[in-house]
Amino acid sequence: MDTQAIRAALRARRAELQAELGVLMTVTRDPNATIGFGKRVGEGTNQAIERIERVGQADALSATLADVERALVKVEEGTYGICDRCGALIPEERLQARPWTALCVDCSAARAAR
């Protein structure tokens, strides 16, 4: 396993996620804008819905960023490729598809089922 290449890929992904989060977290302020949830879909409602969607996107990006950070720690610790939950080896195919994963397929599925 080429830890230098893995480390570089994870750092690149971290930079991408941080940039995406930076864009999402930038709030443009319009002092005349109002946000509301009326009976009709109006400009205020559209803006509120867009902000809710942005929060959801930011949450997902933040979760992935945390996974990338965890994977970088695992590389440094020498535990990269070992499941955090059960201690089994994570298959190479999974690590190639999702290099920031810290769980094997079974543990990941079990976590998602909760």
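For the structure itself, consult the block above.
Report on the accompanying structure. (Residues numbered from 1 in each chain as written. Predicted model: local features only at pLDDT ≥ 70, side-chain atom pairs only at ≥ 80, totals over all residues. Heavy atoms only, no water.)

**Describing the overall build of the protein chain**
- Along the backbone of the protein chain there are 4 helices and 0 strands.
- Helices (α) and strands (β) of the protein chain occur, in sequence order from the N terminus, as α-α-α-α.
- Across the 114 residues of the protein chain, 26% fall into the buried class.
- Accessible surface computed for the protein chain: about 7,800 Å², of which carbon and sulfur atoms make up 54%. (Helix = DSSP H or I, 4+ residues; strand = E, 2+ residues; numbered from the N terminus. Buried < 20%, exposed > 50% of the residue type's maximum accessible area, 1.4 Å probe, protein only. Areas by Shrake-Rupley, 256 points an atom, 1.4 Å probe, with all protein chains shown as cover.)

**Describing the nonpolar core**
- Counting residues in hydrophobic clusters, the biggest one holds 20 residues, and the most contacted among them are L10, V68, Y80 and C83.
- Looking at this core, the elements that each hand over two or more residues are α1 (3-25) and α2 (43-77).
- Per element, the largest residue contribution to this core is 7 residues, and it comes from α2.
- Aside from chain neighbours lying at most four places away, what touches Y80 is M1, I6, L10, A71, K74, V75, L95 and P99. (Core = buried A, V, L, I, M, F, W, Y, C linked by side-chain atoms within 4.5 Å. Contact = heavy atoms within 4.5 Å.)

**Structural notes on the pattern of salt bridges**
- If you walk through the whole model with that rule in mind, you get 8 salt bridges.
- With a closest N to O distance of 3.8 Å, D67 and R98 form a salt bridge. Taken as a pair, D67 in helix α2 and R98 in the loop between α3 (92-97) and α4 (105-113) lie far apart in primary sequence, 31 residues in all.
- Here D84 ties to K74 by a salt bridge, and the two come within 2.7 Å at their closest N and O atoms. Taken as a pair, D84 in the loop between α2 and α3 and K74 in helix α2 lie far apart in primary sequence, 10 residues in all. (Salt bridge = Lys/Arg side-chain N within 4 Å of Asp/Glu carboxyl O.)

**So, the side chain of T64**
- As for its placement among the helices and strands, T64 is situated in helix α2.
- Its relative accessible area of 17% is what places T64 among the buried residues.
- Apart from residues no more than four positions distant in its own chain, T64 is found in contact with R13, L17 and W100.

**Considering the state of the cysteines**
- The final tally for this structure, using the stated rule, is 0 disulfides.
- Free cysteine: C86, not disulfide-bonded; nearest cysteine sulfur from C107 at 3.8 Å.
- By relative accessible area, C86 is classed as partly exposed at 47%. (Disulfide = S-S within 2.5 Å.)

**A closer look at the packing of aromatic side chains**
- All chains considered together, the criterion is met by 0 aromatic pairs.
- Between the NZ or CZ atom of R13 and the centre of the ring of W100, over which it lies, the distance is 5.3 Å. (Phe/Tyr/Trp six-rings, centres within 6.5 Å; stacked < 30°, edge-to-face > 60°. Lys NZ or Arg CZ within 6 Å of the ring centre and 35° of its normal.)

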